[in-house]
Amino acid sequence: ETISPTVGGQSYTDVLPSVNLRWQAAPSTVVRAAWTNSLARPNYYDLVPYRSVSLDDDELSTGNPDLKPTRAMNLDLTAERYFASVGLVSGGVFHKQIDDFIYNFTAFNEVDAVTGRTFAQISRPRNGAKARLTGVEVAVQRQLDFLPGVLKGLGVYLNYTYTDSKVEGLDIAGRENEKLPLLGTAKHSANASLSYDGTRLAFRVALNYQSEALDAGEGGYNEDAFFDRWADRRTDIDANATFALTPKARFFVEANNLNNRPLRYFQGTRGRLAQDEYYGRRVQTGLKIDF
């Protein structure tokens with residue numbers, strides 16, 4: 001029944017130095033090291049001091065004009081070995097120290113300080129204290145041109161990343177000492193693909209895997225681990241192929257989600273399913289003609 005203005009603002013200056021080193025260890029081997037500092041500003045919408053009320057669901061969502069930008073200090077070390085033909089083997093380690101990371105916090109049966117009303121849920125973006133992230137990554141890419149005949153058109157690509165993250169000083173009563181990973185960070189992720197490039201036929205089959213991760217969207221960190229929302233582990237398989245009928249005409253096929261991977265979330269533990277959706281396979285085919 002009444003309207004009152006909300007005013008918020010802040011000003012900050014950042015100097016972001018970096019050092020990048022490159023060492024040619026051998027004619028086909030390169031070692032790289034980097035120390036960088038980076039900054040990620042909040043989403044514009046999160047900075048707006050809005051209030052979104054759902055009376056039917058008894059929920060309140062608000063913005064936060066006092067959000068600070070996230071700052072990170074990054075260390076990276078990689079080594080790359082290039083093949084004489086197309087391809088390479090690479091490996092690396094990385095470490096990040098993160099300050100003021102942003103997450104969405106949901107309180108349950110909370111009193112709204114503005115209206116004095118108790119809502120079933122009140123959600124608001126806020127800054128966390130500190131987080132650290134350390135990981136290892138390896139990759140192999142190789143055109144198998146040493147194989148005989150038409151098989152020399154085959155190529156493979158593999159990569160794997162292991163990431164360990166920990167949030168420190170989370171400002172949630174009762175959860176300060178819990179070992180929680182950074183939102184949206186999966187411990188294991190991997191990609192694999194098999195490709196073929198021939199005179200008339202070309203195809204690629206790709207597999208992507210990611211282990212479970214705390215949901216960086218709606219879930220966030222909550223009052224209790226029971227309410228934390230996790231994105232379940234997933235495996236995606238996609239494929240595409242083209243066949244040249246003439247120098248200017250090509251038949252193509254694109255197939256996505258061949259294994260009908262579900263969009264699945266669970267609450268707290270995998271045994272408490274929160275969402276499970278299937279979208280089916282999608283296949284697109286056609287004829288491309290160049291004029």
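This is a predicted model, so every value here is computed, not measured.

Caption draft 1: Molecular detail of the overall build of the protein. The helix and strand inventory of the protein stands at one helix and 19 strands. The C-alpha atoms of the protein give a radius of gyration of 25 Å, which is well past the 19 Å a tight globule of 291 residues would have. The dimensions of the protein, computed from C-alpha atoms along their principal axes, are 75 × 45 × 45 Å. Here the protein holds 291 residues, and 31% of them are scored as buried.

Caption draft 2: Expanded view of the pattern of salt bridges. All told, the structure shown has 17 salt bridges when counted by the stated rule. A salt bridge links D14 to R71, with the nearest nitrogen and oxygen atoms 2.5 Å apart. Pair noted here: D14 is in the segment before strand 1 (18–26) and R71 is in strand 5 (residues 70–82), with a separation of 57 residues, a long-range link. Taken together, the shared-partner salt bridges connect R132, D164 and K187 into one network.

Caption draft 3: Broad picture of the nonpolar core. In this structure, F101, Y103, V167, L170, L182 and Y221 are the most contacted members of the largest nonpolar core, which totals 19 residues. Of all the elements in the fold, those that place two or more residues in this core are strand 6 (87–99), strand 7 (102–111) and strand 9 (130–143). Per-element tally for this core: the top contributor is strand 7, with three residues. Here F101 is in contact with T70, R126, N127, G128, A129, K130, A131, V167, L170, L182 and Y221, once residues within four sequence places are set aside.

Caption draft 4: Fine view of the packing of aromatic side chains. Counted by the stated rule, this structure contains eight aromatic pairs. Residues Y45 and Y50 carry aromatic rings whose centres are separated by 4.6 Å and whose planes lie at 20° to one another, so their mutual orientation is stacked. Taking 5.3 Å as the distance between ring centres and 70° as the angle between the ring planes, the aromatic pair formed by Y103 and Y221 counts as edge-to-face. You can see Y103 sitting in strand 7 and its partner Y221 sitting in the loop between strand 13 (213–214) and strand 14 (229–231), a full 118 residues away along the chain. For the residue pair Y103 and Y221, the accessibility class agrees, reading buried in each case.

Caption draft 5: View of the pairing of strand 1. Judged from the eight bridges that link them, strand 1 and strand 2 (residues 29–40) form a sheet pairing that is antiparallel. In the strand pairing of strand 2, L21 is matched with A33.

Caption draft 6: Representation of the environment of L273 within the structure. Along the chain, the position of L273 falls in strand 18 (residues 273–277). Judged by relative accessible area, which is 51%, L273 ranks as exposed. When the C-alpha positions of L273 and D232 are compared, they lie 9.6 Å apart, and in sequence the two are 41 residues distant. Those residues in contact with L273, other than ones at most four positions away along the chain, are R264, Y265 and F266.

Caption draft 7: Summary view of unusual backbone geometry. One non-glycine residue, D100, adopts positive backbone phi at about 60°. Here D100 shows up in the loop between strand 6 and strand 7. What makes D100 buried here is its relative accessible area of 19%. Positioned with a positive phi, N257 is a non-glycine residue whose angle comes to about 55°. Inspection of the secondary structure puts N257 in the loop between strand 16 (249–256) and strand 17 (263–267). Given the relative accessible area of 15%, N257 is considered buried.

Caption draft 8: Quick look at the sheet that holds strand 1. Spatial strand order, 1-2-5-6-9-10-11-12-15-16-19: 11 strands in an open sheet with antiparallel pairing. What marks the edges here is a single partner per strand, and that holds for strand 1 and strand 19 (282–289). Averaged over all pairs of adjacent strands, the angle between their axes in this sheet comes to 10°, without regard to strand direction. Pairing analysis gives 14 bridges linking strand 9 to strand 10 (residues 154–168), with the strands arranged antiparallel. The residue bridging G135 from the neighbouring strand is T163, located in strand 10.

Conventions used here
Residues numbered from 1 in each chain as written. Predicted model: local features only at pLDDT ≥ 70, side-chain atom pairs only at ≥ 80, totals over all residues. Heavy atoms only, no water. Helix = DSSP H or I, 4+ residues; strand = E, 2+ residues; numbered from the N terminus. Rg over C-alpha atoms; globule rule 2.2 N^0.38 Å. Buried < 20%, exposed > 50% of the residue type's maximum accessible area, 1.4 Å probe, protein only. Salt bridge = Lys/Arg side-chain N within 4 Å of Asp/Glu carboxyl O. Core = buried A, V, L, I, M, F, W, Y, C linked by side-chain atoms within 4.5 Å. Contact = heavy atoms within 4.5 Å. Phe/Tyr/Trp six-rings, centres within 6.5 Å; stacked < 30°, edge-to-face > 60°. Pairing = 2+ DSSP bridges. Axes fitted to C-alpha atoms, helices over the stretch in contact; angles between N-to-C directions.

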